[in-house]
Amino acid sequence: MPDFSLEDGLNGPVAGIDEAGRGPWAGPVVAAAAILDPIRLDQTLLGGLDDSKALSRQKRENLYGALFDLRGKGVDIGIGAASVYEIDRINILQATMTAMARAVGALARPPACA
């Protein structure tokens, strides 16, 4: 279950960020940023969140749907990507950071910390 002690100590929302696509040999790198409001979200939903690699495919798909259904009601999600061209031009690390910055920029509200 997520631990919101860091968020409780800050003046504003905290965005969690993760990426996909750094390992493949080809294709873009994509990042997502999310702000979860633990007060507005169902505790069962929060309790089900875990590392995606530790979840079954069905559980991941159910959580994905539930989180996207709650956008604007305790969940804010932003998605960003960096193209293959950008990866070739600036390297995979910088492209990942670019995708992450774009994901944070796509959030409906800026986080106090990401």
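Read on for an overview of the structure. (Residues numbered from 1 in each chain as written. Predicted model: local features only at pLDDT ≥ 70, side-chain atom pairs only at ≥ 80, totals over all residues. Heavy atoms only, no water.)

**Points about the sheet that holds strand β1 (residues 16-20)**
Right, so step 1: Here 3 strands make up an open sheet; going across it, the order is β1-β2-β3 and the pairing antiparallel. In this open sheet, the two strands that pair with only one neighbour each are β1 and β3 (75-82). The mean angle between the axes of side-by-side strands here comes to 20°, regardless of whether they run parallel or antiparallel.
Right, so step 2: Note that β1 and strand β2 (residues 29-36) share 5 bridges and pair antiparallel. Its bridge partner being in β2, D18 is matched across the sheet by A32. (Pairing = 2+ DSSP bridges. Helix = DSSP H or I, 4+ residues; strand = E, 2+ residues; numbered from the N terminus. Axes fitted to C-alpha atoms, helices over the stretch in contact; angles between N-to-C directions.)

**Regarding the environment of P38**
Right, so step 1: As for its placement among the helices and strands, P38 is situated in the loop between β2 and α2 (43-48).
Right, so step 2: Separated by 37 residues in the primary sequence, P38 and V75 have C-alpha atoms spaced 9.2 Å apart.

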